[in-house]
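# Architecture at a glance
Each chain, written out:
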Amino acid sequence: MMHLPLLPVLIPLAAAILMLGAHRADIRWARGIAALSLLGLAIAAILLLRQAATGSVVVVELGNWPAPFGIVFVADRLAALMVATTAAIAVPALLAACGGLDGRGRYFHPFFQMQLAGLNGAFLTGDLFNLFVFFEVLLIASYGLLVYGGGVARARAGLHYVVLNLAGSVMFLIGLGLLYGTLGTLNLADVAGRLAVVPVADVAPVRTALALLVAVFALKAALLPLGFWLPHAYGAAAAPSAALFAVLTKVGIYALLRLSSAAFDSPPGAALFYPWLLPLALATVVVATAGVLAATRLATMVAHLLLLSTGMLAAALAEGGVPMLAALLYYLPHTTLISAALFLLAGRIAAVRGESGDGLVRAAPMPGRGWLSAAFLLLAVAVSGLPPLSGFLGKLMLLSAAPATAAGYVLWVVFIVSGFVAALGLARAASTLFWERDAAALPATATAGQAGALALALALGFVPALVLGAAPLSAYARATAEQLAAQQPYLRSVLPAGAAAVAREVRP
Amino acid sequence: MEALLATGIGTLVAAGLWLILQARSFSVVLGLTLLSYGANLFIFAAGRLAPVAAPLALPGAARLADALPQALVLTAIVISFGMTAYLVALALRAMAETGTDHVDGREDGP
Amino acid sequence: MRRLLPQPVLSGLILGLWLVLAPAPSLGQVLIGLNLALVLPWATRGFWPDRPRLADGGAALRLVGVVLADIIVANFEVARQVLGPPARLQPGFLEVPLDIRDPFVASMLGSIVSLTPGTVSIEIDRGVLLVHALHVSDAAAAVAGIKSRYETPLRKVFAC
Amino acid sequence: MDLPGLAFAILALFIGAGAVPLLARFGRAIAAWAAAATLAVAALPLLPLASGALDGVVVVQRIAWLPEWGLDLAFRFDGLGLLFAILILGIGQLVVLYAAYYMPREDGLGRLFGLLLAFAGGMLGVVLAENLLLLVLFWEITSVASFLLIAYKHDATEARIAARMALAVTGGGGLALLAGVLLLGRMAGSYALTEVLAAGDLIRADPLYPVALVLVLLGAFTKSAQFPFHFWLPNAMAAPTPVSAYLHSATMVKAGVFLLARMYPALSGTDLWFALVSGTGAVTLAYGAYVALLKHDLKGLLAYSTISHLGLITLLFGLETPLSAVAAVFHIINHAIFKASLFMAAGIIDHECGTRDMRRINGLARFMPVTAGLGIVAAGSMAGVPLLNGFLSKEMFFTEAVAQPALAGYAYVLPAFATIAGILSVAYSARFVHDVFFNGAPVNLPRTPHEAPPWMLAPVGVLVALCLVVGLLPQLSIGALLHAASTATIGNEPPAYTLAIWHGFNLPLVMSLAALAGGLLWYRFRHFLYDLHERYAPNLSSPAAFERVFNAAAAGARWLLARLDSVSLHRYLTLLLVSTLGLAGFAWHSASPSPLAGPLPPTPADPLAYGALAALVFGALGCAFWHRQRPVAIIFASVVGLIVSLVFIRFSAPDLAMTQLSVEVVTIVLLLLSLRFLPAETAPRRRPGRAGLNAILAIAGGAGVAALAYAMLTRPFETISGWFAANAVEGGGGTNVVNVILVDFRGFDTLGEVAVLALAALGAHALLDGLRMQPQVPGPDRPGDRHPIMLAMLMRPLLPLALVVAFHILLRGHNLPGGGFIAGLITGVVLVLQYLAVGIDVTETRLRIDHVRLFAAGLGIAAATGFASMAFGLPFLTGTHGYLGIPLVGPVHLASALVFDLGIYLVVVATVLMVLTALGRLSQRELAPGRAG
Amino acid sequence: MMSEILVSLLLLLGGAFTLLGSFGLARLPDFFMRLHGPTKATTLGVGAIVVASLLHAGADEDGFGLRELAVMLFLFITAPVTAHLLSKAALAERRRAEKAE
Amino acid sequence: MLTLILPLVIGMVALAMLLNLWRLARGPAMPDRILALDTLGINTIALVMLLGISLGNAVFFEAALIIAVMGFVGTVALCKFLLSGDMIE
Ligand code: NA
Ligand code: NA
């Protein structure tokens, strides 16, 4: 059990290694390994959640070296929630990929597993440079998954995505260098401890270092004006990849959350989000809403919906406070799971429609229209925040938690109107996809495997799960927000003797 | 010495930025390479410049250079090498798909 | 023995290199070096399909001495040429007809020519070594010099 | 706690909604029976509570759901709830019966009844909700369900658009309601209806009351199709008639006026309420009544009449007379009854005639006398003909109009307006009767109408009978229910009123008679009005208009996105740079002021440092300047790499220098391999201002980073790094602290790093595998140039010798500069050199390595050292080291880190080989066809 | 002392030839002439410095104290190859330029 | 004596490297630039050795060795690119 927090990284890593070793074998081997890996991941995620739900913060010292010198993995409520969300998405995404996509290029399964390893590592690590490394792991895996399958759109969007992220990595490194060069440590808990005692003369560089990290995380989160790449990239990716990417942007949100929890009570981190984050977050919502209206393909529409949710999450982050973060932490798994399901649905629709793909154009009636339209209805209602599904509950929480200030009410207006417009856009899309029929068009001849359907069905399970589990999830989210705000449990678990007891030397 | 190193880092970053702002994939690769150099030197500089010995914990060794930033830079160099390799492959793929080495995939791109 | 040690010269070179690089002279290092000397030639034998055999070790040593001496002496010659007015230089290409047929040995000749100052091997093509000389007053003499000072000893060393 | 029977009632409907479509596979009858049974089952939990509700008992049942957010599954059953439950479930039963006969044979009914039940569930939830958030939740369920019901015949364009229109208006209104409810909750401190209703004074005194009121009214008005939000309703007639009969008489549209009734104690009693509610109601009443006459479509007429009657009810809620709310509640009942029957009758007529155009439908009394009889009675009720239920509530309306005190001085205005509205309503009712059942013979009907089957007429009959019963025996039939519902609405006992047919000859009766007479007269001049209307009235409510607005919005959105997002990397990078610079600048300047330079004295610079800086700047600027001549740019980049390595050497970082140097070489080879397929040179592109912008951005970014570096370098800091040097030998078993950090203290970073490397190579391979590309540079013009002989020959001895160096570097790494990474690069590079020397074909026949398995081996070995420690109950990657006694050799110091390093070595070798051969094969394959030998 | 003088002389010799080679590279008018400077002088230049380093460090260094010889070994193998390839490349460029005219 | 000679020799090598840079910038053709880069690498070996003597530290030797073993690969690649465009076929 002491290794538990590491398993979400080690299991997929081991799976990827085995897959590479068996790369000449029939693809069923890779699938089998992947299935076993996901089974292990699911079990690990559940155990982690159960452990975290007790309020304990479990620390693993890699290599048996104590923090802040060695790298530690820290499983608290937030990390467990993120790992569980990732695992939940991975299952249907993998299943969808096993419908034949995984055989259409090279190394799908190793990339998929390493994507999971990278994500989980980013969520669990308690060391900032190790976070950088896991960012790179998840990014390189995402590059592979994004361009998987080839084609002009993927190549172009992939190039933009990769270059932007490489530029982001450079910023990350400079930020980390500056942070180490001023605070002399890389462990997040230790950083938090050091921030409290930064000499006045060093506040400016430390604060700038934090700002650089914030900029990097905002890029990953696809916050405007750094998020234009997202719809092109996610819209171009194959459906299973895109589904997995739904959790990718949340890494940025997660990191911002972590950073704000660790750093923003200190002089260098004070009010670092104010006054710019809220306007940008709301602008993200507005532009993404426009994108939903403007979309000409379902996948692009879903990508904009994802962007929209990022804006909402960022706005919640900007407002801060336990209730707002509690709302955020319910909304985050909701939007991630539902967006992933929508990507799978878009992929399924594209598969059964054949030539017209998921384009929002009139076409021949698609096979399986009945249940696909029902799936669309469920997911559309959930994603646009209409009652009675999780989107409504999440939005309700965000609205309730918004403060009774002008900014709070602006947030109401933006959230409500954006959800409304999104619902109209989705209704229009549904109308075109399912109801308009082109009598002249030949019926789709593409044969779509059953794996995609099964994956979608599985992903649809998120909808009732998020509603029926709303009460426990909401309670968990609130406790997570409180744990983040308290900060002390995390710090004490990582550095039992406190940051002040760490041996340091003055340089140069 | 500090000003010189800072100037060097700044020049690398400026040249790298100039290059990635050019619209050709090859220039972007070059620019990212220069940017990585700049970032690596920056992290390296976080250990400060001091007339000290290489970080070898030999018997009787006196003041050693800060090994931690060096280890970080090593990791960063390796990762950036991998990323460069990938980017080069992607640039070729994009060239094959779009018929141009313009990063926006269209010759008339902005 | 031949199976075990296909290239004794190379093996010796490997052992020597290892010992030169080794952090401390110890029996362990010698053992590791011997291992490398055995394993590496065997492991890389595919890249060297037609190995020339060393026939005359003494001739080889003599050749090494000659070349080293030439390098030192000729370096001063070239230094004078480089420092002097460039207009006085008469550069030119020399075509050295080769009696060596083995491409590896021919390449060794090319290397020696390049390492000794004043001449650079440019091409080995159809039995002719094309050489660029920084200053050549008598082309025929220069060609003859290369053949007698380096090619003949080399043929003796490798018996080809 | 009570058993949550109310929740069961609602749940039953939703379960039925899910089950009926499945049961419909067994036949239409099964579907119909199942739907009817569901409605009946839903009524069961309510029955025991009904008598209590009639007596004014309010039952509240509550299941906690999200208490911290104020959302509970709390339900309430009172008179108003009872009334609406009867309407929803009762008229629902009739609609099910009607639909079973009305819908075409080929319709399996599963979807229709499923949606109807879902709708009924939402509706019942709205009327039984005790929690306001829960009310909103159900409210929006009705919006979504009605969207699907209106789009039921989705092959028809107008049905699809009408559905979206309804969703836009009613769903949007629901969101406004949500905001309003959230505000009310903040004012009252609770979302529990009981507490909100009790906090009316608090709410009305709140500064945000007007906002909350407007938001709640937006919800009500949109749902109840009040002007100017009415336009969705006529278009919603695209729904099948049973749907119209249900949604647009008794349920959906009544949700809005239900909300007015529900919130009456909390929100009413202010001038704003009066102005907004009665004003909107009055305009809607008149407008709907006026337009209704002009509709040639039978259902259109009914739709506008519905709008008009809803306006009437709204107007009544707005009036501030004691009994207006009672009148409103009464008219809710009456309208539901007669309008449902009229829709059903219209459906029968449509069914029988094949058209709903009243210009073609004439004289149906001859063909279908029963339908005619029922329709005439229902229309009479709609017109307010005495002895029918519609007359009673209209009479109450007239009474209240006369009694309304607010317009003192203009007391005649409201009665006059009421009379005019009455005239209009009589006129359209007259048209429904005369133009359909009489007025000569039918014109060109698709089929000859017959009397409908009895079971189809039965529901109409039941409703018409109710019109008569209520009209004749109001107190006996409806008195108790009306009283209970009114009490629940007002919040306490309503003032005394009598439900009687005859109140004596008074002003309201005069108004009624005037309305009847005037209405018939108005109908007489209808043709003149038709012409007028067709000539001048803009059709604002057409689906085409809605679609135009929507498309314009989408086009606007597209325009906006195109402005913002040019899908250009330059734009993205510019935004990234500007944002980062802005954020960093903001961070610096918002900190407590401090100088850029720290307190440390500068280290003196030697001439060599100046030279190095000069070379670095030279290389960097050269690379930037010559970037269009790619090979030249590569050379300049190499210079930069070389100088960076020198900096590492100068400042005591031998490992970094070696790594940098080896990476440099591989990178050059990589870039050159790619250059074959990229244009070797590109002409500069003229873009005004672009170069200037780029220069500014680049200089700003460079200056910023330089400033940060300077600020950092001139400040002392406290670091943890002393620990690493102190523990390297004891803890990590190595003297090279950098290597010990890499393979032990922070070995997990390294594991991630080699994973990145492996994935990058695999990704590159996946990208280029099977790709064919046109080379952009000429091939060799001499065959001998392909594999220069001296290169090929001298690589032979170089290979094993370089491997010796690699092995040397690998072994010493833990103690001295070196390690698996550098060793791997050396190995990879000398192997690549073989490719350069003799070509890919020859090399690959000699070097049979499965790169992918090499990755597996390398990563596996590295990871295995971690797993091994787990087997000993230690954390992942816990290292060990010690001395191993070897005969002859003596003790040899071994660290598990060496094994880890070996894994790294293999991964690096595989990376170099895989990437470079992937790029190399690109050209090879391309050349293959033309190559001889 | 003798060794220090010897080392100094060797260093001066190495430095001089290193500089000379690069001077030739900068000064000589034609590519094939420039090719001579570095490939020769740097060989001796670096060679002298290597020997100097060998002599200087030999006493207090671990191992056999001959590590610097390894550098020379590799330089002697690679330098001719470099020259060979460079001149071939230059010839190819020249041919290409002639063809273009 | 060495303390006097060493800076002088380092200066000579550094000057040599600056001369290489001049040729590198000047060209005129690609072979000239490659030649300049190759010479720069060899001069770097000399400089690294000199720094090793000057700092009294032998740990830089391997860096010189790396340049000796691998530095010329870049030159080979550049030349082969010029020669045949395609390098490893
Ligand atoms: Na008629
Ligand atoms: Na360890």
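Note that this is a predicted model, so its numbers are computed, not measured. (Residues numbered from 1 in each chain as written. Chains lettered and ligands numbered in written order. Predicted model: local features only at pLDDT ≥ 70, side-chain atom pairs only at ≥ 80, totals over all residues. Heavy atoms only, no water.)

## Some points on the sheet that holds strand S3 (residues 128-133) of chain C
All names here are of chain C. Applicable threshold: By definition, two strands form a pair when at least two bridges between them are found by DSSP. Runs of E in the DSSP output that reach at least two residues are strands. Runs of H or I that reach at least four are helices, and both are numbered from the N terminus. Axis lines are fitted through C-alpha atoms, for helices just across the contact stretch, and the angle between N-to-C directions can take any value from 0 to 180 degrees. When checking whether two residues touch, look at their non-hydrogen atoms; a contact exists if any pair is within 4.5 Å.
Taken together, three strands build an open sheet; the order of strands is S1-S3-S2 and the sheet is antiparallel. The open sheet has two edge strands with one neighbour each: strand S1 (92-97) and strand S2 (119-125). Recorded for the sheet is a direction-independent mean angle of 25 degrees between the axes of neighbouring strands. Taken together, the six bridges between S2 and S3 define a ladder with antiparallel strand orientation. Note on S3: the bridge partner recorded for Asp125 is Val128. Set on the sheet, helix H4 (residues 103-115) makes contact with S2 and S3; between it and S2 the angle comes to about 160 degrees. Against the sheet, helix H5 (residues 139-158) touches S1 and S3, its axis set at about 50 degrees to S1.

## A short note on the packing of helix H14 (residues 271-294) of chain D against helix H20 (residues 413-437) of chain D
Residues and elements named next belong to chain D. Put simply, the rule reads: Each angle is binned into one of four classes, with values under 35 degrees roughly parallel, values over 145 roughly antiparallel, values of 65 to 115 roughly perpendicular, and all other values oblique. Left-handed describes a crossing in which the near helix is turned anticlockwise from the far one by less than a right angle; the clockwise case is right-handed. Think of it as three bins: nonpolar holds Ala, Val, Leu, Ile, Met, Phe, Trp, Tyr, Cys and Pro, charged holds Asp, Glu, Lys and Arg, and polar takes everything else, Gly as well.
Between H14 and H20, the least distance of the axes is 8 Å, while the angle of their chain directions is 30 degrees. Between H14 and H20, the angle falls in the class roughly parallel. With respect to the hand of their crossing, H14 and H20 are arranged in left-handed fashion. Listed contacts from H20 to Ala282, Leu285, Ala286, Ala289, Tyr290, Ala292, Leu293 and Leu294 of H14 are Phe417, Ala421, Leu424, Ser425, Ala427, Tyr428 and Arg431. Grouping the constituent residues of the contact of H14 with H20 by class yields 13 nonpolar, one polar and one charged.

## Examining unusual backbone geometry
All names here are of chain A. Cis geometry is found at the peptide bond from Leu224 to Pro225, where omega equals 0 degrees. Considering the arrangement of structural elements, one finds Pro225 in the loop between helix H8 (203-221) and helix H9 (229-236). Located in the positive-phi region is Ala222, a residue other than glycine, with phi close to 65 degrees. With respect to the element layout, Ala222 can be found in the loop between H8 and H9.

## A look at a nonpolar patch on the surface
All names here are of chain D. Worth spelling out the cut-off: A patch consists of residues whose relative accessible area exceeds 30% and which take part in no salt bridge; residues with like charges are grouped when within 9 Å of each other, and nonpolar side chains (Val, Leu, Ile, Met, Phe, Trp, Tyr) when within 5 Å. We get accessible surface area from the Shrake-Rupley algorithm with a probe of 1.4 Å; when it comes to residues, only the shown protein chains can shield them. A side-chain nitrogen of Lys or Arg and a carboxyl oxygen of Asp or Glu constitute a salt bridge if their distance falls within 4 Å. Exposure categories follow from relative accessible area, calculated using a 1.4 Å probe and restricted to protein chains: below 20% of the type maximum is buried, above 50% is exposed, and the middle band is partly exposed.
Side chains of Leu387, Leu468, Val469, Leu472, Leu473 and Leu476 sit close together on the surface and give an oily, nonpolar patch of about 540 Å² of accessible area. At three residues, the largest contribution of residues to the nonpolar patch is made by helix H21 (residues 454-472). The topology assignment puts Val469 in helix H21. Judged by its relative accessible area of 37%, Val469 is partly exposed.

## Brief notes about the nonpolar core
Side chains of nonpolar character tend, in soluble globular proteins, to be buried together. How we decide: The nonpolar core is taken to be a set of buried Ala, Val, Leu, Ile, Met, Phe, Trp, Tyr and Cys residues, with the residues joined through side-chain atoms within 4.5 Å.
By size, the foremost hydrophobic cluster in this structure holds 791 residues, and its most contacted members are D:Phe113, D:Phe317, D:Phe748 and E:Leu11. If one sorts the elements of this core by residue count, helix H3 (residues 67-98) of chain B sits on top with 21 residues. Those residues in contact with E:Leu11 that lie beyond four places of it in its chain are E:Ile49, E:Ala52, F:Leu2, F:Ile5, F:Leu6, F:Val9, F:Leu50 and F:Ile53. Membership of the second largest hydrophobic core comes to six residues, among which are C:Leu89, C:Leu134, E:Leu28 and E:Met33.

## Digging into the interface of chain C and chain E
Here is the rule: As a working definition, buried area equals the accessible area (1.4 Å probe) given up by two parts on being put together, with both sides summed. Any pair of N or O atoms that falls within 3.5 Å is considered a polar contact. Within protein, one atom must be able to donate a hydrogen and the other to accept it, and sequence-neighbouring residues count only if both atoms are side-chain atoms.
On the side of chain E, 32 residues touch chain C, which itself brings 37 residues to the contact. For the pair chain C and chain E, the two sides together bury roughly 2900 Å², of which 77% comes from carbon and sulfur. The three residues of chain C that bury the most area against chain E are C:Val20, C:Val82 and C:Leu115, which together make up 19% of that side's buried surface. The interface formed by chain C and chain E contains one salt bridge. The salt bridge involving E:Lys88 is made with C:Glu123; its shortest N-O contact spans 2.4 Å. At the surface where chain C touches chain E, the tally comes to six residue pairs in polar contact (both at pLDDT 80 or more).

## Details of the confidence of the model for chain C
Parts of the prediction with low pLDDT should not have their coordinates interpreted in detail. Put simply, the rule reads: pLDDT gives the predictor's per-residue confidence on a scale running from 0 to 100.
When pLDDT is averaged along chain C, the result is 86, and 98% of the positions lie at 70 or above. What the predictor reports for the complex is a pTM of 0.94 with an ipTM of 0.95.

## Quick word on the environment of D:Ala275
Tracing the sequence through the fold places D:Ala275 in helix H14. Separated by 44 residues in sequence, D:Ala275 and D:Leu319 have C-alpha atoms that sit 8.9 Å apart.

## A few points about helix H11 (residues 248-263) of chain A
Going by this rule: Any helix carries an expected span of 1.5 Å times its number of residues minus one.
For H11(A), built from 16 residues, the straight-helix expectation of 22 Å at 1.5 Å per residue is met to within 8% by its first-to-last C-alpha distance of 23 Å. For H11(A), a buried count of 16 out of 16 residues is recorded, marking the element as mostly surrounded by other parts of the structure.

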